[in-house]
Amino acid sequence: MYTDDSDDGSDDYVESGKAASKSRHHHRSKHKRRKTEQGMEFSNEGPHPDVSFQPLLDQVEYLPDDELFQLENSFEDVIGDSLSEYILARKNQMAKDVDRDDFGVLLRRLTRAEITSLINDHSDQVGVLSVPEAIVLRKLKLERERSRAALRGTNISASPDGVVEGLVELTDTQLNAETVEALGNIRKTSYGNSFISRLYGNHARTPGLMHVDWDTNTPWMNLMEDIREYYQLLHPNRDPVVETRSAIMYTSLQPSHLPQVHDILSRSFWQGIDVSDSLDYSPEKCTVVASYNKMVVGVAIMSSPRETYITYLAVKHGWDSSNIATTMLYLLITLNPGKDITLHVSANNPAMLLYNRFGFKSEEFIAGFYDAYLDPESRASKNAVRLRLRHH
C-alpha cells in the first residue's frame, strides 16, 4: 500500500485521476473491491513511504468501452467507496511519523505535498527571506531531491559517553605542519563541541522524552555548588572545579532506570517493590521518570491506560520541594486526557496537598490499608484516603 515512486502525493493523484478518466473505465462489479498484491506491498525504497494509488488505477482496467457508461458514471462515483480506505491508511502512516523533539514538543515530518507547496510559495521570495528562512527553504529543497533519488537520510547520534571519535586524517601538504599534528593528536571531541552537534542538536536524543526543565534549582544542586566553592577556598592554588549545570529530563520508564527507580521506591515506601512489569503496559502513557545527568531523581507510575490508578509517585531525597512531583503528576494527567484517575495516599502524607491542588477529591477513608506493607516503626500512617480526579 505504500510506495515511493513520486515526488508529490497530491500531484500524483490529480494526474492519475485525469489519466484514468480519459484512458480507463470502471464497472461496478466484484473488481471494484479487488486489492492487488502490488498494492499491499511495502516499498523499502525512499526514506518516507507514502500511499500509492496504483491499486485504484488497476481497478479501472477492465471497464467496457461504452460512451453511455462514460456519461452516466463519473470517476468520483467509481472510486468513492475505496478512497476512504486510502485516506485512512495515509492518516495512520502520518501518525506513525509523529515524534517529540528535545523539548517534548510533538512534531510531524512534512509530507512531500507540503514540502512542494512551501517551496513553490517561497521560491520567488529568495531575495526577501531572512537567513534562517533561506536555510530552511534550502533544506526543504534538499529533502525533496533526496526523496526523488530514493536516498535515505543520515542517522548520526552521539555515543553513550557523549563523544565523537575518529577524526579524518589530514594529508594536505600545504597546511601548517604543527596545525596538522595538533589536530591529529585530538582523538576524541565532546559532542557539545563537535560539528555534528551543530547539525543535529546540542545534546543526544533521549528515548521517551516528554519535557526538559532548565530552570529548576534543587537543594542538591545548591549543596554541590557550596561544596565546590568550599573546596576552592581550601585549595586556592588549584584549578577551579567547573561543572556545567544540566537540565532535568522527564522521560518514560526505560530498562536502564529500573535499579535506581527500585531504590527510590524502597526508600520512600517499603522494601521489595518491583515495577519491571510497567514496561509492558504502555510506559509512554503510564510512567514518568525525572533524571539529572543519568541519575533518577523522581518517578511516577500508573497501573495501565485503562485503569488509570497511580501506584507510586516519589522524589529522591534532596530533590523534593522543587516542583518535580508536580511536573510528573501533570504529565501523567495530560498523557491520559478525559479519564478519571484514582490513588490511595497515607492519611498523614504531605502529598495530599499536591493532589488537592490538581483537583483530586477524597472518596473514602480506609483504616489499616498499609498494615501489610509499612514497617511497624514507620512514621507514616497505616490508614489511607482514596482520592479521585474526575473528568466526567
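Attention in this report is confined to the structure presented alongside it. These numbers were taken from a predicted model, which means no experiment stands behind them.

1. Things to note about the overall build of the protein
For step 1, the next point in the chain: Helix and strand counts for the protein come out as 13 helices and 14 strands.
For step 2, the next point in the chain: Split into buried and exposed, the 392 residues of the protein put 35% on the buried side.
For step 3, the next point in the chain: The long-range fraction of contacts in the protein, counting pairs at least 24 apart against all pairs at least 6 apart in sequence, stands at 70%.

2. Section: the sheet that holds strand β10 (residues 295-302)
Remark on secondary structure: sheet strands pair via backbone hydrogen bonds, oriented parallel or antiparallel.
For step 1, the next point in the chain: The 5 strands lie next to each other as β7-β8-β9-β10-β11, forming an open sheet whose pairing is antiparallel. Unpaired on one side and paired on the other, β7 (209-213) and β11 (310-315) mark the two borders of the sheet. The mean angle between the axes of side-by-side strands here comes to 15°, regardless of whether they run parallel or antiparallel.
For step 2, the next point in the chain: Bridge count for β7 against strand β8 (residues 248-251) is 4 bridges, and the pairing is antiparallel. Across the sheet, Val212 pairs through a bridge with Met249, a residue of β8.
For step 3, the next point in the chain: Against the sheet, helix α12 (residues 324-335) engages β7, β8, β9 (287-292), β10 and β11, with an angle of about 150° to β11.

3. Details of helix α5 (residues 112-122)
For step 1, the next point in the chain: Burial in α5 covers these residues: Arg112, Ile115, Thr116 and Ile119. An end-on view of α5 places all buried positions within 95° of arc, on one side of the element.

4. Some remarks on a nonpolar patch on the surface
For step 1, the next point in the chain: A grouping of Tyr230, Leu233 and Leu234 is seen on the molecular surface, where their side chains present a nonpolar patch of about 380 Å² in accessible area.
For step 2, the next point in the chain: Mapped onto the fold, Leu234 is located in helix α9 (residues 219-234).

5. Things to note about unusual backbone geometry
For step 1, the next point in the chain: The phi dihedral of Thr308 is positive, around 50°, even though this residue is not glycine.
For step 2, the next point in the chain: By the element assignment, Thr308 lies in the loop between β10 and β11.
For step 3, the next point in the chain: When its relative accessible area of 2% is taken as the criterion, Thr308 is described as buried.
For step 4, the next point in the chain: Phi is positive for Ser321, close to 55°, though the residue is something other than glycine.

6. Thoughts on the packing of α5 against helix α6 (residues 131-148)
For step 1, the next point in the chain: Following both chains from N to C, one finds α5 and α6 inclined at 135°, their axes separated by 10 Å at the closest point. One element, α5, and the other, α6, form an angle in the oblique class. Two packed elements cross with a definite hand, and for α5 against α6 that hand is left-handed. Contact residues: α5 offers Arg112, Ile115, Thr116, Leu118, Ile119 and His122, while α6 offers Leu137, Leu140, Lys141, Glu143, Arg144 and Ser147.
For step 2, the next point in the chain: A breakdown of the residues in the contact of α5 with α6 according to their chemical character gives 5 nonpolar, 3 polar and 4 charged.

7. Brief notes about the pattern of salt bridges
For step 1, the next point in the chain: For the coordinates displayed, the defined rule picks out 6 salt bridges.
For step 2, the next point in the chain: Its salt-bridge partner being Glu363, residue Arg386 comes within 3.5 Å of it at the nearest N-O pair. In this pair, Arg386 sits in strand β14 (residues 384-389) while Glu363 sits in strand β13 (residues 361-366), placing the two residues 23 residues apart along the sequence.
For step 3, the next point in the chain: Judged by its relative accessible area of 36%, Glu363 is partly exposed.
For step 4, the next point in the chain: Arg390 is paired through a salt bridge with Glu363; the nearest N and O atoms lie 2.8 Å apart. With a gap of 27 residues between them, Arg390 in the segment after β14 and Glu363 in strand β13 connect regions that are remote in the sequence.

8. Remarks on the pairing of strand β12 (residues 341-346)
Side-chain direction in a regular strand flips from residue to residue, so the side chains alternate between the two faces of the sheet.
For step 1, the next point in the chain: Taken across its 6 residues, β12 has 6 buried, putting it largely inside the fold.
For step 2, the next point in the chain: Of the two faces of β12, the one lined by Ile341, Leu343 and Val345 and the one lined by Thr342, His344 and Ser346 are each fully buried.
For step 3, the next point in the chain: When β12 meets β14, the two strands line up antiparallel, connected through 6 bridges. The partner of Ser346 across the bridge, within β14, is Ala384.

9. Notes on the side chain of Ser252
For step 1, the next point in the chain: Along the chain, Ser252 turns up in the loop between β8 and α10 (258-268).
For step 2, the next point in the chain: Classification of Ser252 by relative accessible area gives buried; the value is 6%.
For step 3, the next point in the chain: The residues contacting Ser252, other than those within four sequence positions of it, are Gly208, Met210, His257, Pro283, Glu284, Thr287 and Val289.

10. Quick word on the packing of aromatic side chains
For step 1, the next point in the chain: According to the stated counting rule, one finds 10 aromatic pairs in the structure shown.
For step 2, the next point in the chain: Between Trp220 and Tyr292 the ring centres are 6.1 Å apart and the planes differ by 70°, which places this aromatic pair in the edge-to-face class. Note that Trp220 is positioned in helix α9 and Tyr292 in strand β9, a separation of 72 residues in sequence.
For step 3, the next point in the chain: With a relative accessible area of 5%, Tyr292 lands in the buried category.
For step 4, the next point in the chain: With a centroid separation of 6.5 Å and an interplanar angle of 65°, the aromatic rings of Trp270 and Tyr312 are classed as edge-to-face. Separated by 42 residues along the polypeptide, Trp270 in the loop between α10 and α11 (283-286) and Tyr312 in strand β11 bring together distant segments of the chain. Grouping residues by exposure puts Trp270 and Tyr312 together as buried.
For step 5, the next point in the chain: By the ring-pair criterion, three or more aromatic residues cluster together here, those being Phe269, Trp270, Tyr312, Phe369, Tyr370 and Tyr373.

11. Observations concerning the sheet that holds β12
For step 1, the next point in the chain: Read across the sheet, 3 strands follow the order β12-β14-β13 without closing on themselves; strand pairing throughout is antiparallel. Each having just a single partner strand, β12 and β13 make up the two edges of the open sheet. Between one strand axis and the next, the sheet turns through 25° on average, direction left out of account.
For step 2, the next point in the chain: Both β13 and β14 contribute to a ladder of 5 bridges, which runs antiparallel. Pairing of Ile366 across the sheet is with Ala384, part of β14.

Definitions and cut-offs
- Residues numbered from 1 in each chain as written.
- Predicted model: local features only at pLDDT ≥ 70, side-chain atom pairs only at ≥ 80, totals over all residues.
- Heavy atoms only, no water.
- Helix = DSSP H or I, 4+ residues; strand = E, 2+ residues; numbered from the N terminus.
- Buried < 20%, exposed > 50% of the residue type's maximum accessible area, 1.4 Å probe, protein only.
- Contact = heavy atoms within 4.5 Å.
- Pairing = 2+ DSSP bridges.
- Axes fitted to C-alpha atoms, helices over the stretch in contact; angles between N-to-C directions.
- Arc of directions from axis to C-beta.
- Patch = residues over 30% accessible without salt bridge, like charges linked within 9 Å, V, L, I, M, F, W, Y side chains within 5 Å.
- Areas by Shrake-Rupley, 256 points an atom, 1.4 Å probe, with all protein chains shown as cover.
- Salt bridge = Lys/Arg side-chain N within 4 Å of Asp/Glu carboxyl O.
- Parallel < 35°, antiparallel > 145°, perpendicular 65-115°, else oblique.
- Left-handed = near helix turned anticlockwise from the far one by under 90°.
- Nonpolar A, V, L, I, M, F, W, Y, C, P; charged D, E, K, R; others polar.
- Phe/Tyr/Trp six-rings, centres within 6.5 Å; stacked < 30°, edge-to-face > 60°.

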